[in-house]
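Now for the letters of each chain:
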Amino acid sequence: MKTLKVISVVSFLLIFGLQEVGLPIFISILYIIVNLLVNSNNPDIDFWIGGLLGISLIATLIIFLLCRKGKDRFLLLFCFIALLVSSLFLTGVFDQNNYERISLGFVIPLLTFIVSSILLIVKNFRK
């Protein structure tokens, strides 16, 4: 169980974006957090929402890793859905102009994240 969690989290962090620069998610999260710390006097609401997204992603990853077998299965399912949706937003999948940039750096980690998380959820709900 622990191995599947680690594989799932590492593959989530290694999903590359489809934008022109195409940074992995872990660099995007670091960029958001550093930007929040450096520009903390920014009054723009979109800036603060982005910062809260970065902080909530880190918290979701920690909760995903700390979920206990069998007891927190619905929390694990919620964390998987939250991470999947946030990965789709962070990678730029919803922009049709990015479809031509789909590469193995995006597909393989995303499929690894989805498959390992679904296996983990199925094992937790099988009891």
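Structure: above.
Residues numbered from 1 in each chain as written. Predicted model: local features only at pLDDT ≥ 70, side-chain atom pairs only at ≥ 80, totals over all residues. Heavy atoms only, no water.

*Asks:* How do you make sense of the packing of helix α1 (residues 2-13) against helix α5 (residues 104-125) when you look at a structure like this?
*Replies:* Packed helix pairs are specified by the crossing angle of their axes together with the interaxial distance, meaning the distance between the axes. With their axes 8 Å apart at the nearest point, α1 and α5 run at an angle of 150° to one another. The angle between α1 and α5 places the two elements in the roughly antiparallel class. Handedness of the α1/α5 crossing: left-handed. Here Leu4, Lys5, Ile7, Ser8, Ser11 and Phe12 of α1 lie close against α5, whose contacting residues are Pro109, Thr112, Phe113, Ser116, Ser117, Leu119, Leu120 and Lys123. Classifying every residue of the contact of α1 with α5 by side-chain character gives seven nonpolar, five polar and two charged. (Axes fitted to C-alpha atoms, helices over the stretch in contact; angles between N-to-C directions. Helix = DSSP H or I, 4+ residues; strand = E, 2+ residues; numbered from the N terminus. Parallel < 35°, antiparallel > 145°, perpendicular 65-115°, else oblique. Left-handed = near helix turned anticlockwise from the far one by under 90°. Contact = heavy atoms within 4.5 Å. Nonpolar A, V, L, I, M, F, W, Y, C, P; charged D, E, K, R; others polar.)

*Asks:* I would appreciate a short explanation of a nonpolar patch on the surface in the present structure.
*Replies:* Together, Val6, Val10, Leu14, Val21, Leu23, Phe26, Ile27 and Leu30 make up an exposed nonpolar region whose accessible area comes to about 660 Å². Listed by contribution, the elements that provide at least two residues to the nonpolar patch are α1 and α2 (25-38). Looking at which element gives the most residues to the nonpolar patch, the answer is α2, with three residues. Note on placement: Leu30 falls in helix α2. (Patch = residues over 30% accessible without salt bridge, like charges linked within 9 Å, V, L, I, M, F, W, Y side chains within 5 Å. Areas by Shrake-Rupley, 256 points an atom, 1.4 Å probe, with all protein chains shown as cover. Salt bridge = Lys/Arg side-chain N within 4 Å of Asp/Glu carboxyl O.)

*Asks:* For this particular structure, what's the right way to read the packing of aromatic side chains?
*Replies:* The description of two aromatic rings rests on the distance between their centres and on the angle between their planes. Applying the stated rule across the entire model yields four aromatic pairs. Ring plane angle 40° and centroid distance 5.6 Å describe the contact between Phe80 and Phe113, whose orientation is recorded as tilted. On the criterion of sequence distance, the pair formed by Phe80 in helix α4 (residues 73-91) and Phe113 in helix α5 is long-range, its members being 33 residues apart. Assessed through its relative accessible area of 8%, Phe80 is described here as buried. With a centroid separation of 4.9 Å and an interplanar angle of 55°, the aromatic rings of Phe89 and Phe94 are classed as tilted. When its relative accessible area of 57% is taken as the criterion, Phe89 is described as exposed. Take Phe94: its relative accessible area is 52%, and that puts it in the exposed class. (Phe/Tyr/Trp six-rings, centres within 6.5 Å; stacked < 30°, edge-to-face > 60°. Buried < 20%, exposed > 50% of the residue type's maximum accessible area, 1.4 Å probe, protein only.)

*Asks:* Got a minute to help me understand the nonpolar core in this structure?
*Replies:* In a soluble, globular protein the nonpolar side chains are often hidden away together inside. Residues Phe12, Phe64 and Leu83 are the most contacted members of the largest nonpolar core, which totals 24 residues. Of all elements in the fold, only α1, α2, α3 (45-66), α4 and α5 reach the threshold of two or more residues within this core. Contacts of Phe64, omitting those with residues within four sequence positions, involve Lys5, Ser8, Val9, Leu76, Cys79, Phe80, Leu83, Ser117 and Leu120. (Core = buried A, V, L, I, M, F, W, Y, C linked by side-chain atoms within 4.5 Å.)

*Asks:* Can you help me understand α2 in this one?
*Replies:* Residues lying three or four places apart along an α-helix face the same way, a consequence of the helix completing one turn every 3.6 residues. With 14 residues, α2 extends 20 Å between its outermost C-alpha atoms, agreeing within 8% with the 20 Å of an ideal straight helix rising 1.5 Å per residue. Among the residues of α2, those classed as buried are Ile25, Ser28, Ile29, Ile32, Ile33 and Leu36. On an axial view of α2, the arc spanned by its buried residues comes to 130°, and they lie on one face. Among the exposed residues of α2, those pointing more than 90 degrees away from its buried face are Leu30, Tyr31, Leu37 and Val38. (Expected span 1.5 Å × (residues − 1). Arc of directions from axis to C-beta.)

This is a description of form; function is not addressed.
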